[in-house]
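# Examining the three-dimensional arrangement
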Amino acid sequence: MAKSLGNFVTIHELLTDWGGYEWPGEALRFNMLKTHYRQPLDWTYSSLDEAHGILWDWYGELKEVLPDQSIPDRLVESLNDDLNTPAVISTLHELRRKGEFRALLAALNFLGFSGARDKIERLPNFNLDDEDAVGLTVRTMIGALAGTAREKVIEDFILTRSVLRKKKDFVRADRIRDELAAAGIILKDAKDPTTGELVTTWEVVR
Amino acid sequence: MALRLYNTLTRKKELFQPLDPGNVRMYVCGPTVYDFAHIGNARPVIVFDVLFRLLRHLYGPEHVTYVRNITDVDDKINARAAGEYPDLPLNEAISRVTEKTEKQFHDDVAALGCLPPTVEPRATDHIAAMTVMIDMLVKSGAAYVAEGHVLFHVAAMPDYGKLSGRSLDEMIAGARVEVAPYKRDPMDFVLWKPSKPGEPSWPSPAGIAAPGRPGWHIECSPMSWKHLGETFDIHGGGIDLVFPHHENEIAQSRSSFHTPVMANYWLHTASSRSKGRRWRRASATSSLFMNC
């Protein structure tokens, strides 16, 4: 495989540290398949971000779902047409719209996607051991953004904190909470009365 | 609708008809293991994984053989090894580089959700098959020996260039053909070359006394031969490999076995590029997000 200019983003880099995130492999795979294989591919942040957002939305609907035993005919037909993956993805969107979640999960599994949110958690990449770095990252990311992009980043920090809490790494989890508070974002933890899981909400205090 | 694939060889979307539906065979050029895989490397790996999954669905998982090689002998690897581990003997340094890179590649493609191929042959495990093939090519007159090298004589194959659709003149003008005194013709390419002391080396074919090593193009032909046979169904790779690599693979395999094709369907993934800017930790806010 030849190495050429403009092709330089490595998979390792994307998985560990690209644009401030550790990207899940499934988001990379989905982003790759959005473009038909005979079309040149432009790898951009916004496209990858969108790919991750779509999977995150779908997987959220698939939590309690069991996949169909067979895959939808339309999926096979699109693939039979010279691997028409953009058409495949349109079919997946349609299944989501119609609420055909068992078919959606079967199709995703067939294409190499887990359908499980814990496999596609997108964690902000920063040095959690370095207090100054955490503070700088939180302040920079939150300060530079507005609207839904800002909300998404806050959700990502909350996710990182909950992953750390599950690992019983409360020192670093609290560090994220405190830095968010310093940036004017207050977190509130509550137990979901049915599942007993910890649910975190947030509000802006200034 | 039955499976239709765009065939670079005919420049048409064609109905896919395997030689043997009981054993559908696909070969895809894998990594030369000296550096991290980038998105351009990952694209064919993901695309042909989707095709592998589709073929398994259509023909049954046990009726599909997918071969993707690991190229672990190459001058780029040697250069990287010498640079990275200057204090180690070269062969030891090479093992370090290839083992590390191979592991990284496997970790990457597993994260990308790709199934392992049926067979993942390594070039260094197929040196004997390479020398057998080179002997066959020399014997049939398609290749010749010159100054410790074995070269494929492109003029011996009238329809060379069919895959890329280039004439010989265009290829000479467009390619960086290495002019060397031992070549009969500038287009001729190296099948085997002598190794300097300390470089990886194996017993040479074609009656050459000094040990040597394979050229880059020869490696895929014996690996596909050994695991898929003289002729098989699908050969895949990135578009950048059409010329000269796949053209040379075809020349080697067809001239060895006197077959009209090496594989019936040639599939190529288009190029990839990244426009996004990297964000460095603790950088200024202005460069925080990718400018697309």
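Figured I'd write up the structure that's included with this text.

### What to know about the overall build of chain B
Each helix and strand in chain B was counted, giving 7 helices and 11 strands. Over its C-alpha atoms chain B spans a radius of gyration of 20 Å, differing by no more than 12% from the 19 Å that the globule rule assigns to 292 residues. With the principal axes as the frame, chain B shows a C-alpha extent of 60 × 55 × 40 Å. Within chain B, buried positions represent 47% of all 292 residues. Counted over contacts in chain B with a minimum sequence separation of 6, partners at least 24 positions apart contribute 72%.

### Observations regarding the interface of chain A and chain B
Contacts between the two partners involve 50 residues from chain A and, on the opposite side, 51 residues from chain B. Looking at the side of chain A that touches chain B, the elements that each hand over two or more residues are helix 1 (11–16), helix 2 (25–33), strand 2 (41–43), helix 3 (45–61), helix 4 (73–80) and helix 7 (131–143) of chain A. Per-element accounting of the side of chain A that touches chain B gives the leading share, 6 residues, to helix 2 of chain A. For the side of chain A that touches chain B, the class distribution of residues is 26 nonpolar, 16 polar and 8 charged. Here strand 2 of chain A pairs with strand 11 (residues 272–274) of chain B via 3 bridges, running parallel. The residue of strand 11 of chain B that forms the bridge with A:Leu41 is B:Ser272.

### Things to note about the sheet that holds strand 5 (residues 143–146) of chain B
Residue and element names in this part refer to chain B. Spatially, 4 strands are ordered 5-6-7-8 in an open sheet, and the strand pairing comes out antiparallel. If you trace the sheet from one side to the other, it starts and ends with strand 5 and strand 8 (212–214), each paired once. Strand after strand, the sheet turns through a mean of 20° between neighbouring axes, direction not considered. Across 4 bridges, the pairing between strand 5 and strand 6 (residues 149–152) is antiparallel. Paired with Ala146 across the two strands is His149, which belongs to strand 6.

### Thoughts on the sheet that holds strand 4 (residues 64–68) of chain B
Residue and element names in this part refer to chain B. Strand order in the open sheet formed by 4 strands is 4-3-9-10, and the pairing between neighbours is parallel. Either end of the sheet is taken by a strand with one partner, and the two such strands are strand 4 and strand 10 (263–269). Geometrically, the sheet is characterised by an average inter-axis angle of 20° between neighbouring strands, direction not taken into account. Here 6 bridges tie strand 9 (residues 232–238) to strand 10, and the two strands are oriented parallel to one another. Looking at strand 10, one finds that Phe232 is bridged to Ala263. Contacts from helix 1 (residues 39–59) reach strand 3 (24–28), strand 4, strand 9 and strand 10 within the one sheet, and its direction differs from that of strand 9 by about 155°. On the sheet, helix 6 (residues 220–228) packs against strand 3, strand 4 and strand 9 and is oriented at approximately 160° with respect to strand 4.

About the criteria used
Residues numbered from 1 in each chain as written. Chains lettered and ligands numbered in written order. Predicted model: local features only at pLDDT ≥ 70, side-chain atom pairs only at ≥ 80, totals over all residues. Helix = DSSP H or I, 4+ residues; strand = E, 2+ residues; numbered from the N terminus. Rg over C-alpha atoms; globule rule 2.2 N^0.38 Å. Buried ≥ 20, exposed ≤ 12 C-beta atoms within 10 Å, placed from the backbone. Contact = placed C-beta atoms within 7 Å. Nonpolar A, V, L, I, M, F, W, Y, C, P; charged D, E, K, R; others polar. Pairing = 2+ DSSP bridges. Axes fitted to C-alpha atoms, helices over the stretch in contact; angles between N-to-C directions.

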